[in-house]
Amino acid sequence: MAGSAGDNDEEITGINVTPLVDVVLVLLIIFMVTANFIVRETVEVDLPRAANGGETVQGLVNVVLDKEGKLYFDGAEVTEADLSRRVVEAVSKDKDTRAIISADQTIAYGRVMRLIDVVKGQGIAKFALNIEKDVSPAATPAAP
């Protein structure tokens, strides 16, 4: 019979891996595009340490107060008036904007509170204070 299965004497001698490579590359691209990239502030500050501090929340805007008292908004130096304006702009783009506030530990508490008031007063309800987790053995509470 013509065209029957018994007439085909060819054997498969190799496996075609091209579809596998295509799928792996597509998955790699998808994972890279959807990955959360960690944004670190470009201004160096000596963050306070906390033994039981949580992980830093990734926000949309970073507000930094360095040890000289200079303000930075997403890495650019700003005045307090400029900070208010930029926060308003960020909130107008996305009402769920969050902020990460980083301040050098040598800055007076009142100055940090004034910074928090500026951020909250312009419409950012959710913010996090950035700390550096203390991993020294003395900071770990002893088991009873």
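Below is a short write-up of the structure. Fair warning: this is a prediction, and the values are worked out from it, not measured in the lab. (Residues numbered from 1 in each chain as written. Predicted model: local features only at pLDDT ≥ 70, side-chain atom pairs only at ≥ 80, totals over all residues. Heavy atoms only, no water.)

### Details of the pairing of strand β5 (residues 98-103)
Summarising burial for β5: 5 of the 6 residues are buried, a large majority. Pairing analysis gives 5 bridges linking strand β2 (residues 61-65) to β5, with the strands arranged parallel. For V64, the partnering residue across the bridge sits in β5 and is S102. In this structure, β5 lies alongside strand β6 (residues 126-129), joined through 4 bridges in parallel fashion. Across the sheet, the residue bridging to R98 is K126, located in β6. In the classification by handedness, the crossover that spans β5, the intervening helix α3 (residues 109-121) and the parallel β6 is right-handed. (Buried < 20%, exposed > 50% of the residue type's maximum accessible area, 1.4 Å probe, protein only. Helix = DSSP H or I, 4+ residues; strand = E, 2+ residues; numbered from the N terminus. Pairing = 2+ DSSP bridges. Right-handed = clockwise from strand over helix to strand, strands pointing away.)

### Notes on a nonpolar patch on the surface
There is a patch of nonpolar side chains on the surface, built from I15, V17, L20, V21, V24, L25, L28 and M32 and spanning about 800 Å² of accessible area. Position of L25 among the secondary structure elements: in helix α1 (residues 18-34). (Patch = residues over 30% accessible without salt bridge, like charges linked within 9 Å, V, L, I, M, F, W, Y side chains within 5 Å. Areas by Shrake-Rupley, 256 points an atom, 1.4 Å probe, with all protein chains shown as cover. Salt bridge = Lys/Arg side-chain N within 4 Å of Asp/Glu carboxyl O.)

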